[in-house]
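# Chains, contacts and geometry: an overview
These are the residues of each chain, in order.
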Amino acid sequence: MTASHSDSLVVLFGATAGAYGAKLGSDERELILLVWQVVDLQNKKVGTLHKSLVKADNLDLSDQCREVSGLTPEGLGKAEPLDRVLQQFSQLVSSDLKVLGRSSYTLCSDGQLLIRQVLHPETSKKNFLLSDCFYSFYDLRKEFHTCYPSSAAVKDQTIKTMAEYLGLGTDEAEEDFGVWQVKTMVAIIFSMLSEDHVFTEPETVKHKYETGPCSKSETVDSETVIRARGLPWQSSDQDIARFFKGLNIAKGGVALCLNSQGRRNGEALVRFVNSEQRDLALERHKHHMGSRYIEVYKATGEEFLKIAGGTSNEVAQFLSKENQVIIRMRGLPFTATQEDVLGFLGPECPVTGGKEGLLFVKYPDGRPTGDAFVLFSCEEYAQNALKKHKEILGKRYIELFRSTAAEVQQVLNRYMSTPLIPTLPTPIIPVIPPPYTIATGSVRDCVRLRGLPYTAGIDDILEFMGDATGDIKPHGVHMVLNQQGRPSGDAFIQMKSADKAFMVAQKCHKKMMKDRYVEVFQCSGEEMNFVLMGGTLNRSGLSPPPCKLPCLSPPAYAAFQTAAVIPAEAAALYQPQALLPSTRTPQASAAAPPTVTYYPAQAAQLYMNYTAYYPSPPVSPTTVGYIAAPPGAVAAAATATHTPILPQPGALVRMQGLPYNTGMKEILSFFQGYQDLLHDASARS
């Protein structure tokens, strides 16, 4: 009997310092034991049985491991590390093959967990390569079920149940842990060979992740897709593939998710080649990528196609070149040409196909968005390009990031579906100013909370602050929301003094809230405003964006400090009670005892385009302090006055792409000949 790829098998068994059996590898614990033996398939002979302990970085063994294996930290402390053990493995296998007169072999293990969930992930984290023999192996459970169809289902098989099915001895106490397992597996293989079983279809592990486009017309099985959450924002598809090392991801199967501003939101959809691989991926829930744990959940094929699928022929042609490294460029001047981009990248990082390797992202009317994707033929050229991150082209600094085919589709889909004339909510009106102000001075009496769970509310923050809540100023908790009114994961809190803010930052930094640690930094009101406009703030201080444009460091938001600006003709339509309905009557307010409120009213929360980590392009401060009036209140006001809420169609226009230093005079000059129509607007401003 011969195998299609080799004439011998190496029966392999292993154990970790943690879970055993069906949960092997699910807890990220390191390998501590390898046992193996060579089997000559033609002559039905075996080589020497080898048992090797492995010294783990963490020798703290689980109770289950101690009980099942009988191993101790003291014994493991004298063992060799994994890389040395794997070298010895290769040498001893080669020696045994030579004795048996054989030249090739394929691994055979009890199930897939040892190879896929232990060896590949651990060696990837420790940054050393596995030999090619670990990328092809036989799953003894599958082979056994193929040989004996009436046996238990593959997922229910164990070494013991297979031995019992064949009537083999099952007294594990007679042998050392690992030795009995390998001897029994060898006996099972000999029984299968006596039934003329042939080992022909080994399991394979992909060496590398393959990129590629995905069409919306494809059918994606929902049983093959997962959602990974909590990824570092700079993660690439290769980083995600490395997190799932040992599992086979479908070609082009990593789709990084973007938020409404086109920024990565820390999530990705991953498509595997089959449901078995997907189920193994789910076992990596809360495994770590660096210092961050990654949540892994089931997802659907529809969700994957929504993110990764595309219909554009231009994109399909751009992505048709396989095995290319994709880099995304962001913040390009709107006048930038292909020659400008190629010149910016320079000869040290040549673009695949020259101009054909560039894809500019545009709106449906052909206007540039400032984004582009670039193809490079190898990792070296891509790394040279990434070194130009935040270098200047024209008068703008350019951001460069690793990208994916799915991100190309997603960005193009988003911009191409943007309406030519964006519609504004009806009506958009300034919020009536609340009876408090946001601090803007240099006194560091504020703290910034970063990394809040998206489900966190005011009560969660107050509980997180503990005893320090008594030192918060009235109306001093400011939840930062994005443009869709959803939590951004940040909040600012005004304390009664700089000392109190310092104490809170020291006490609460990296404290846990709902399974997430929250970073707490001391800051001033001025720094708070600066961060909201694109700067970054950490324990080292304030770091402004490279492009120091006037709009990146504005004065305090006037919307929170001055009287609301509402045209006189609209004042009758928008009564104060329609905008901010009172929750209690004046009489009740007078009778109620004074209370301390820690946070502003809902209408005064910061609805803004939050870009603390992506300062380019700059954010317009006009997005702060504006909300849509309640539909019912507006309808009631309109009915009472019998006048239309907005002017006639065409009276409201939106201007995009203005120079950052544009003032009222420049806008009026631009509309030369229409001065009469703009006279009222100029007078009100």
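Residues numbered from 1 in each chain as written. Predicted model: local features only at pLDDT ≥ 70, side-chain atom pairs only at ≥ 80, totals over all residues. Heavy atoms only, no water.

## Some details on the overall build of the protein
- Check the secondary structure of the protein and you find 23 helices and 29 strands.
- For the protein, with 685 residues in total, the buried portion stands at 47%.
- Residue pairs at least 24 apart in sequence account for 74% of intrachain contacts in the protein once pairs closer than 6 positions are excluded. (Helix = DSSP H or I, 4+ residues; strand = E, 2+ residues; numbered from the N terminus. Buried < 20%, exposed > 50% of the residue type's maximum accessible area, 1.4 Å probe, protein only. Contact = heavy atoms within 4.5 Å.)

## Description of the sheet that holds strand β15 (residues 325–330)
- Read across the sheet, five strands follow the order β16-β17-β15-β19-β18 without closing on themselves; strand pairing throughout is antiparallel. Either end of the sheet is taken by a strand with one partner, and the two such strands are β16 (358–362) and β18 (391–393). Here the strands of the sheet are splayed against their neighbours by 35° on average, with no regard to which way each runs.
- Pairing of β16 with strand β17 (residues 368–376) involves four bridges; the strand directions are antiparallel. Along β17, the bridge assignment pairs lysine 362 with proline 368.
- Each of β15, β16, β17, β18 and β19 (396–402) touches helix α12 (residues 338–345); the most contacted strand, β16, lies at about 125° to it.
- Sitting on the sheet, helix α13 (residues 379–386) is in contact with β15, β17 and β19, with an inclination near 145° to β19. (Pairing = 2+ DSSP bridges. Axes fitted to C-alpha atoms, helices over the stretch in contact; angles between N-to-C directions.)

## A look at the packing of helix α5 (residues 140–147) against helix α7 (residues 179–194)
- Packing of α5 against α7 brings their axes to within 11 Å, and their N-to-C directions diverge by 30°. By the angle between their axes, α5 is roughly parallel relative to α7. Remark: the crossing between α5 and α7 carries left-handed chirality. Residue-level contacts link Leu140, Glu143, Phe144 and Cys147 of α5 to Met185, Ile188, Ile189 and Met192 of α7.
- A per-class count over the contact of α5 with α7 returns seven nonpolar, no polar and one charged. (Parallel < 35°, antiparallel > 145°, perpendicular 65-115°, else oblique. Left-handed = near helix turned anticlockwise from the far one by under 90°. Nonpolar A, V, L, I, M, F, W, Y, C, P; charged D, E, K, R; others polar.)

## Describing the nonpolar core
- If you look at the biggest cluster of nonpolar residues, it comprises 48 residues, and the most contacted ones within it are Leu12, Phe89, Leu107, Leu119, Phe134 and Phe244.
- Among the elements that make up this core, the one with the highest residue count is helix α3 (residues 82–100) (seven residues). (Core = buried A, V, L, I, M, F, W, Y, C linked by side-chain atoms within 4.5 Å.)

## Notes on the pairing of strand β10 (residues 249–258)
- Taking burial as the measure, the 10 residues of β10 include nine buried ones, the bulk of the element.
- Two elements, β10 and strand β11 (residues 264–272), share five bridges in a ladder whose sense is antiparallel. Pairing of alanine 255 across the sheet is with leucine 269, part of β11.
- Where β10 folds back on β11, the antiparallel hairpin that results is connected by five residues, among which glycine 262 adopts a positive phi of roughly 85°.

## Here's the deal with the sheet that holds strand β12 (residues 287–289)
- Sheet architecture is open: five strands sit in the order β10-β11-β9-β13-β12, paired in antiparallel fashion. The open sheet terminates on both sides in strands that have one partner only, identified here as β10 and β12. Taking the axes of each pair of neighbouring strands and ignoring which way they run, one obtains an average angle of 35° across the sheet.
- Helix-sheet contacts for helix α9 (residues 275–282) involve β9 (225–229), β11 and β13 (292–298), and the interaxial angle to β13 is about 140°.
- Helix α10 (residues 301–308) rests against β9, β10 and β11 of the sheet, and its axis sits at about 70° to β10.

## Notes on unusual backbone geometry
- If you check the backbone angles, lysine 514 has positive phi at about 55° while not being a glycine.
- What makes lysine 514 partly exposed here is its relative accessible area of 43%.
- Despite not being glycine, aspartate 515 shows a phi value in the positive range, around 70°.
- With respect to the secondary-structure elements, aspartate 515 resides in the loop between β24 (511–513) and β25 (516–523).

## Concerning the packing of aromatic side chains
- Within this structure, the stated rule accounts for 11 aromatic pairs.
- With a centroid separation of 5.6 Å and an interplanar angle of 75°, the aromatic rings of phenylalanine 13 and phenylalanine 177 are classed as edge-to-face. Separated by 164 residues along the polypeptide, phenylalanine 13 in strand β1 (residues 8–16) and phenylalanine 177 in the loop between α6 (159–166) and α7 bring together distant segments of the chain. Take phenylalanine 13 and phenylalanine 177: they sit in the same class, and that class is buried.
- Connected via pairs of aromatic rings, a cluster forms that spans Phe13, Tyr20 and Phe177.
- Sitting over the face of the ring of phenylalanine 464, lysine 511 holds its NZ or CZ atom 5.3 Å from the ring centroid. (Phe/Tyr/Trp six-rings, centres within 6.5 Å; stacked < 30°, edge-to-face > 60°. Lys NZ or Arg CZ within 6 Å of the ring centre and 35° of its normal.)

## Quick look at the pattern of salt bridges
- Throughout the structure, instances matching the rule amount to 33 salt bridges.
- One salt bridge in this structure joins lysine 126 and aspartate 57, with 4.0 Å as the shortest N-O distance. Pair noted here: lysine 126 is in the loop between α4 (113–125) and β6 (136–139) and aspartate 57 is in the loop between β4 (50–53) and α1 (63–69), with a separation of 69 residues, a long-range link.
- Judged by relative accessible area, which is 27%, lysine 126 ranks as partly exposed.
- A salt bridge links aspartate 490 to arginine 448, with the shortest nitrogen-to-oxygen separation between them at 2.8 Å. One end of the pair, aspartate 490, is in strand β23 (residues 487–495); the other, arginine 448, is in strand β21 (residues 446–450), and 42 residues separate them in sequence. Assigned by exposure class, aspartate 490 and arginine 448 land together as buried.
- Each of the salt bridges in this network shares a partner with another, and the network as a whole consists of Glu30, Asp57, Glu122 and Lys126. (Salt bridge = Lys/Arg side-chain N within 4 Å of Asp/Glu carboxyl O.)

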